[in-house]
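Chains, contacts and geometry: an overview
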Amino acid sequence: MINILRLTWTRWILANEKKFKEEAKKIKDIKIDFLCYLDLYYDWVFRNIKNGSPLDEYDLFWIGGINWISMKQWLIYYFWHLKKKEFIDKFSLYKLDNTKFCQLLFANYYKFNIPKSIFFIIDNTHRKRQIQLLENKFNYPFIGKNVSKDRWEWVFLIKNGKELNDLYTKNQSEWFIFQEFVKNTGDIRVITIWKKVIWAMKRYSPSWDFKNNISNWWIWEKFEPKNRLKKICIDINKKYWLGISGIDLFVNWNDYMLIEINDLPQHKWIEKYTKMNFAKEVLEYFSKKW
């Protein structure tokens, strides 16, 4: 029997527990529970505050998201280093925070195709020099991304010098990645579970806005990736040591450009419209690997 614990920083993810438990019953020798950081405590061991049961009883730990980083690191230190437990996403074991900058370092090192980029902390002391660096590297418009934020609201299209100066005024002491603006007709999200691509979609804006985010009421359609793209996504997943990911790319014929790697891909609305059983795929992966 494999006992799995899904630890999360927010309670809204707990809504997925029922679906996963139903699928776990169909697979031999596997059990899964979900628990929020807010619902645990430490009294010489970590325990579930609802019933006092020790979390040491679990064999396999699944922790996602980029919030509550200190808590995540404490849990990893306790369960992996001290208690020798197994973790699903190995990148977590080395305290990687999965921010946009961490992904930039990864993609550049492994030579995955990414937009031209520059990274620094916005600071008035170096304002003139930083703006000079940006305007020498990019043509307007270009993209600015707040590294510490993971929502589309914190991605900006900077059209001219005035908008760049406004960004500086409002974001002092914030870490930013600036990137070339890639003209596109939408992006691709590929759901990958270790060595297997299970689903892909294309997202685009009906008004051709630069943010192709489905939660902002953009349009999506099913996408069938070619074998080369599947291999690229599997390679990204394995090199980044992720068990489960949603990989975002721009795709043009046989060419691609990596945008972002999500370690907590949204799946509820995908399941609703496509009937793809995300929970079943994930649990089968767990049962075969451990």
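Residues numbered from 1 in each chain as written. Predicted model: local features only at pLDDT ≥ 70, side-chain atom pairs only at ≥ 80, totals over all residues. Heavy atoms only, no water.

**Concerning the pattern of salt bridges**
Across all of its chains, the model carries 17 salt bridges by this definition. Two residues, Lys21 and Glu17, come together in a salt bridge whose shortest N-O distance is 4.0 Å. In this pair, Lys21 and Glu17 are both assigned in helix 1 (residues 17–26), 4 residues apart and thus about one turn of the helix distant. Here Asp248 makes a salt bridge to Arg189, at a shortest N to O gap of 2.7 Å. Here the residue Asp248 occupies a position in strand 14 (residues 244–252), and Arg189 occupies one in strand 11 (residues 187–193), the gap between them amounting to 59 residues. We classify Asp248 as buried; its relative accessible area is 3%. Judged by its relative accessible area of 9%, Arg189 is buried. (Salt bridge = Lys/Arg side-chain N within 4 Å of Asp/Glu carboxyl O. Helix = DSSP H or I, 4+ residues; strand = E, 2+ residues; numbered from the N terminus. Buried < 20%, exposed > 50% of the residue type's maximum accessible area, 1.4 Å probe, protein only.)

**Observations regarding empty space enclosed by the protein**
Applying the stated criterion to the full structure yields 2 cavities of 30 Å³ or more. In this structure, the largest cavity spans a volume of roughly 130 Å³. Every residue lining the largest cavity is listed: Lys100, Gln103, Leu104, Ala107, Ile114, Pro115, Lys145, Ile177, Gln179, Leu258, Ile259 and Glu260. Put simply, the parts of the chain that give the lining of the largest cavity at least two residues each are helix 3 (100–109), strand 10 (175–180) and strand 15 (255–262). The biggest single contributor to the lining of the largest cavity is helix 3, with 4 residues. Among the residues making up the lining of the largest cavity, the classes are represented as 7 nonpolar, 2 polar and 3 charged. (1 Å grid on protein atoms, 1.4 Å probe; cavity = no way out; pocket = protein on both sides within 12 Å on 5 of 7 lines; lining within 4 Å. Points joined across faces, edges and corners; volume = space filled by probe spheres on them. Nonpolar A, V, L, I, M, F, W, Y, C, P; charged D, E, K, R; others polar.)

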